[in-house]
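Breakdown of the fold
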Amino acid sequence: MDFSDTPKEAEFRKQARAFLDANATPKSKATPRRDEKEADLIKRAKAWQKLKQENGWACLNWPKEYGGRGATPMELIIWGQEEAKYDVPTGPFAIGLGMCGPTVIAFAGEEQKKRYLPKMASGEEIWCQLFSEPAGGSDVANLRTRAVKDGEDWVVNGQKVWTSGAQYCDYGILLTRTDPNVPKHKGLTMFIVDMKAPGVEVKPIKQASGHSGFNEVYFADVRIPDDHRLGEVGDGWKVSIVTLMNERLAVGSAGGPDAGELLELAQTVELGEEPAIQNQAVREKIATWYCEQAGLKFTKLRVQSALSRGGTPGPENSITKIVSANKLQGIGNFGMDLMDMGGILVDEQPMEGQFQAAWMSAPGLRIAGGTDEILRNIIAERVMQMPGDIRVDKNVPFSEVPQGGKS
Amino acid sequence: MNFEFSEDQNMLRDQAQNFLRAKSDSKAVRKILESDQHYDEALWKGMVELGWTGVTIPETYGGIGLGHLELCVIAEELGRTLAPTPFSSSVYLATEALLQFGSEEQKQAWLPKLAAGEVIGTVAVGEGTKTVTQQNMQVTARGGKLTGTKLPVADGDVANIAIVIAKDSDSAASLYLVELGGEGVTRSTVKTLDPTRSHAQIEFKGAAGELLGGAGEGWTQLEKLFDRAAILFAWEQVGGAEASMQMARDYAMGRYAFGRPIASFQAIKHKVADMYIAHTLARSNCYYGAWALSTNAPELPVAAATARVSATEAFHECSKENIQTHGGMGFTWEFDCHLFYRRSKLLSLNLGSLPRWKDMLVTRIEQSNLDHSSQ
Ligand SMILES: Cc1cc2nc3c(=O)[nH]c(=O)nc-3n(C[C@H](O)[C@H](O)[C@H](O)COP(=O)(O)OP(=O)(O)OC[C@H]3O[C@@H](n4cnc5c(N)ncnc54)[C@H](O)[C@@H]3O)c2cc1C
Ligand SMILES: Cc1cc2nc3c(=O)[nH]c(=O)nc-3n(C[C@H](O)[C@H](O)[C@H](O)COP(=O)(O)OP(=O)(O)OC[C@H]3O[C@@H](n4cnc5c(N)ncnc54)[C@H](O)[C@@H]3O)c2cc1C
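Calculation notes
Residues numbered from 1 in each chain as written. Chains lettered and ligands numbered in written order. Predicted model: local features only at pLDDT ≥ 70, side-chain atom pairs only at ≥ 80, totals over all residues. Heavy atoms only, no water. Core = buried A, V, L, I, M, F, W, Y, C linked by side-chain atoms within 4.5 Å. Buried < 20%, exposed > 50% of the residue type's maximum accessible area, 1.4 Å probe, protein only. Helix = DSSP H or I, 4+ residues; strand = E, 2+ residues; numbered from the N terminus. Contact = heavy atoms within 4.5 Å. Buried area = accessible area lost by both parts, 1.4 Å probe. Salt bridge = Lys/Arg side-chain N within 4 Å of Asp/Glu carboxyl O. Polar contact = N/O pair within 3.5 Å; in protein donor to acceptor, adjacent residues only side chain to side chain. Domains from an automatic or database assignment. Nonpolar A, V, L, I, M, F, W, Y, C, P; charged D, E, K, R; others polar. Near = heavy atom within 4 Å. Areas by Shrake-Rupley, 256 points an atom, 1.4 Å probe, with all protein chains shown as cover. Axes fitted to C-alpha atoms, helices over the stretch in contact; angles between N-to-C directions. Parallel < 35°, antiparallel > 145°, perpendicular 65-115°, else oblique. Left-handed = near helix turned anticlockwise from the far one by under 90°.

Taken as a class, soluble globular proteins show a tendency for nonpolar side chains to be buried jointly. If you look at the biggest cluster of nonpolar residues, it comprises 176 residues, and the most contacted ones within it are Trp 52, Phe 87 and Tyr 92 of chain B. Of all the elements, helix H7 (residues 218–254) of chain B adds the most residues to this core, at 17 residues. Excluding its chain neighbours within four sequence positions, the residues that come into contact with Tyr 92 of chain B are Leu 71, Ala 75, Leu 78, Phe 87, Leu 225, Ala 229, Leu 232, Phe 233 and Glu 236 of chain B. Of all hydrophobic cores here, the second largest spans 46 residues; its members include Tyr 66, Cys 128, Cys 169 and Phe 191 of chain A.

A separate point is the interface of chain B and chain A. Taken together, the contact between chain B and chain A spans 50 residues of the former and 57 residues of the latter. Summed over both partners, the interface of chain B with chain A buries about 4,900 Å², with 63% contributed by carbon and sulfur atoms. For the chain B face of the interface with chain A, the top three residues by lost area are Met 1, Lys 269 and Tyr 276 of chain B, together amounting to 18%. Counting across the chain B and chain A interface gives six salt bridges. Our count for the contact surface shared by chain B and chain A stands at 23 residue pairs in polar contact (both at pLDDT 80 or more). For the side of chain B that touches chain A, the secondary-structure elements that each account for two or more residues are H7, helix H8 (266–295), helix H9 (300–325) and helix H11 (354–367) of chain B. When residues in the side of chain B that touches chain A are grouped by element, the largest group, 18 residues, is from H8 of chain B.

Now for the domain arrangement of chain B. All names here are of chain B. When the domains of chain B are assigned, the result is domain 1 (7–115), domain 2 (121–216) and domain 3 (219–367). The C-alpha centroid of domain 3 is placed 28 Å from the C-alpha centroid of domain 2. Taken together, the contacts link 19 residues of domain 2 with eleven residues of domain 3. Carbon and sulfur atoms make up 66% of the surface buried where domain 2 meets domain 3, a total of about 1,300 Å² over both sides. When the buried area of domain 2 at its contact with domain 3 is split by residue, Leu 175, Leu 193 and Asp 194 rank highest and sum to 32% of it. Summed over the shared surface of domain 2 and domain 3, the result is one salt bridge. Close ionic contact of Asp 194 with Arg 343 constitutes a salt bridge, the shortest N to O distance being 2.8 Å. Scanning the region where domain 2 abuts domain 3 turns up four residue pairs in polar contact (both at pLDDT 80 or more). Of all the secondary structure elements, the ones that give two or more residues to the side of domain 2 that touches domain 3 are strand E5 (172–179) and strand E7 (199–212). Here the residues of the side of domain 2 that touches domain 3 are counted per class, giving ten nonpolar, seven polar and two charged.

With that settled, the discussion passes to the site of ligand 2. Residues and elements named next belong to chain B. As a structural note, the neighbourhood of ligand 2 is formed by Arg 255, Phe 258, Ile 262, Phe 265, Ala 267, Ile 268, Gln 324, Thr 325, Gly 327, Gly 328 and Phe 331. Between Arg 255 and ligand 2, the recorded distance is 2.6 Å, taken from a side-chain N or O atom to an oxygen atom. Backbone polar atom of Gln 324 to an oxygen atom of ligand 2: 2.6 Å apart, as the coordinates give it. When ligand 2 is considered free in solution it has 970 Å² of accessible area, and contact with the protein chains removes 41% of it.

The next point concerns the site of ligand 1. The environment of ligand 1 is formed by 19 residues, the closest being Ser 138, Trp 162, Ser 164, Thr 371 and Glu 373 of chain A. Near ligand 1, the surrounding residues are drawn from chains A and B. Contact between ligand 1 and Gln 129 of chain A: a nitrogen atom at 2.8 Å from a main-chain N or O atom of the residue. Contact with the protein chains removes 67% of the 960 Å² of surface that ligand 1 exposes when unbound. Mapped onto the shell around ligand 1, the elements with two or more residues apiece are strand E3 (153–164) and helix H11 (372–383) of chain A. Ranked by the residues each element gives to the shell around ligand 1, the list is headed by E3 of chain A, at three residues.

This part is about the packing of helix H4 (residues 94–107) of chain A against helix H5 (residues 110–121) of chain A. Residue and element names in this part refer to chain A. Two elements in contact, H4 and H5, have axes separated by 11 Å at closest approach and are oriented at 165°. The angle between the axes of H4 and H5 places the two elements in the roughly antiparallel class. Like other packed secondary-structure pairs, H4 and H5 cross with a definite hand, here left-handed. For the pair formed by H4 and H5, the contact residues are Gly 96, Leu 97, Gly 101, Val 104 and Ile 105 on the first element and Lys 113, Leu 117, Met 120 and Ala 121 on the second. Partitioned by chemical class, the residues of the contact of H4 with H5 number six nonpolar, two polar and one charged.

Right under this line is the structure:
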C-alpha cells in the first residue's frame, strides 16, 4: 500500500497544478462568500470552462474530437482533486458535463455529437436533465410527457419538474413516453431538446431554502426532429440508465461544513463557561462525523486505487451520497445547536452561516439524484443481491397502471 | 497509488480462510463456549504451524519476518470466524510490546518462544470498572516487585507472561514483564459476557517484574501499544461485522414470512443496506489504519482511533441487527448470532470503551496539523 502517484500520475498532477496556479486562486478561509447574481455566476462559469477547454482541461475523459482530452479515468480524478482546491465556478456545468454529455456520447449520431459536444465542453452551451415529472420521480418510468411522431418530427406535450438549471440552459436531454400501450419501461424514448424552441416554457420553483435552483418545464406542441433522438424508439429506459449511472458518479460528496468545520466552530463558541470543544457530548459527535468523513475519503481512495491500477472499482462508492447528505444535515443541525438561542440567526453568524445553509440545503440533497430510500434499495439489490421490490405494475400496459391523485 | 493488499497478501488471506473455515467453524467455537477449556488448543497449534504467531517477528528472533499488513489480513479472518485463541493478546499486544520496547536481551529471551507458540503473552491494564489512569492506578511497583490486582486480563489465566502497567511513584508508571508462573502471582478465571475468550483476575503480591522500555515511560508506551493494537482489533471487528452482515442477508433470503422471503421486505433490505454502509466506512478506515501501521506513519494515532471507532460501531450495528433479522431464532443459544454480538462488545471494551476512543480521536485531531479535508 502506498498513497504516492506513479511517476506518470505525478507528472500529470504537476501539469494540472501549473495550469491552476497560473489561472485561479486556491481556496482558503479568506475566500469570500459570494452573493452574486445568477447571471454573473453563469458568466464567470462560462469563462472558466472556456479557458479550461482551450487548454485541454475540460471534459478530460471525452474523446479529443468532441472537445475532450482522451484522458484516463485516473487522470480525470487527479484533475478533479486539484481543481477542487481552487475557488472556481463549476456548478452550472455539473449536470450537463457529468450526465448529459456521456449520454450524448453513447447514443447520438455522429452529426449530433459533432454539433453539440464541443460547445458543451467549451461552456458555450449549458445542458439540463429533463427526467422527473409530477407523476414520476423515484419511479421516473411512470412519466407522462408524450412524444408523438409527425412526419420527420416528434411532437412533445407534457410537463417536467425539478429541472435544475433549466432557467439558464440551452439544451436538455428529455425522457418521453412514445408508447402508452406497453408496460411503462418499454414505451420510453429519449431526445435532445432545444430549450429555446417554441412551446418550451420554464417556470422557476421557489425551493424550501428560498433559492430557485430548479424549475417546472412545460412542453406545448414542441417539435423535435427525429435525428435528435438518443437511442432507438422505445429504448429510452436503457438510455436513461446510462445517464443515471453517470449521475451516481457525478453527485459525489455534498459540499458544505464537515467535521473539521464543526471542530473549528466548537473551539470558537462557548458552552457554559468554557469552549464547546471541552464538552464530552460535543467531542463524541465530532468524532462520529469525522469517522464518517474519513471513511468516505478512504472509500474514494479505494475506488481510485482500483482505477489507477487498471482494475474495475467495486460497489463501495454507492454509499457516498447517502452518507454525506445525512452527515451534512446532522452537522448543520448540531452546529446551530452550538450557537444556542442565536443559532436561528441567518446573518452575522460565526463561520459565515455555513451551518444554517447546510441544514437548509441538506433535505434536497437527500432527495435529488436518488432518495435515501432508493439508494438503500440499490445497495440491497445490486450489492447484497437481495430481491427487488414486488412490482404491481410490471407487466401492465402503462395506460392501465393505477395513478394517484395529481398533487 | 496503491491502496490494496498485494497478491501475496491476498494469497495469505485465501490460506487463512481455508484453514479457519475448517478449524474455527461454529462447532469449534461452541466447544469453547460450553466447556471449561480456555481456548482451542488444536486451533492455536495450527495457527502456530502456519507461522501466524511469528508474522511480525524478524527471522533473527525465530519469526517469519513478514509485516503488519499480513497481520491485518489474518486479524480480519480471525474476527470473521470468532477464532477462540489468545492470538490478540499474544501477538497484537505482548509480542508487539517486546518488538517496540524490549531490550535486545528481552527480545532474544521471549520472541522466539512467542513465535513458536511455546509462550503465550498478554497485557494487563484494567483494574475493575474504572477507567485506569496514571493517577488512579492501584497496581504499584517498588524495587521491581509488583503489588495489586489487574482485572480483567484477557487470556490472563493461560498466558505465561504479562506486560503489566504499574505505578512506580505518584507521577510515573512503567511497563513490567512478569512471568505469571512465578511467585507472588495468583490468577483466577473470571466470567465475562463472551465465554469464547478467556479472561482472568491476576493478583500480584510482590511478584518479580522486569522493566520493559523506559522507566517512567509506561503510560506513553501503553498508548502507543494500544494504538497499534487498535488497528488490528479493528480488522477483527470488520471481519466480524462482515460475517454478521452476510449471515443476516443469507438468513433473510431463506426465511419466508407472509408468503415471501423476508429479504424482499424493505425493512430488512434497508437494514442490510445500513449494515453495508457501516461496514464499508469501517473497512475503508481500516485500510488507512493498515497503511499507517505498516509504515509507522506520523498519522498513526489519528488513523488508529478512526479505525477503532468506526469498526467498533460497525461490528455492534451489524451484530445487533443480525439478531433482529433472525427474529426469535436470533435470540436462541443455538443460533450463532449471539456469539457475534458478544464478541462485538468484548472487542469494543478490550482496549478501552468507545466514548474514550472518540475523546482521544478528537484530542488527536486538535493536536495534529494533518489535512482533514474531505477530498
Ligand atoms: C434539489 C433537487 C434537484 C433536482 N434536480 C433534478 C433535475 O435536474 N432533473 C430531474 O429530472 N430531476 C431532478 N430532481 C428530481 C429528483 O430526481 C426527484 O425529486 C427524486 O428522484 C424523487 O422523486 P420525487 O420527488 O417524485 O419523490 P417520490 O418518488 O414521490 O418519493 C417520495 C418519498 O417516497 C419514497 N419512495 C418512493 N419510491 C419508493 C420505493 N420504491 N421504496 C421506498 N420508498 C420510496 C422516496 O424515497 C421519498 O421519500 C431534483 C430534486 C431535487 C430535490
Ligand atoms: C423472548 C421471546 C419470547 C417469546 N414468547 C412467545 C410466547 O410466549 N408465545 C408465542 O406464541 N411466541 C413467543 N415468541 C415468538 C415471537 O412472537 C416471534 O419470535 C416474533 O413474532 C417474530 O417471529 P419470528 O421469530 O418467526 O421471526 P420472523 O417473522 O421470521 O422475522 C424475522 C425478521 O423479519 C422481519 N419481518 C417479518 N415479516 C416482516 C414484514 N412483513 N415486514 C418487515 N419485516 C418483517 C421481522 O421483523 C424480523 O426482523 C417469543 C419470542 C421471543 C424472542
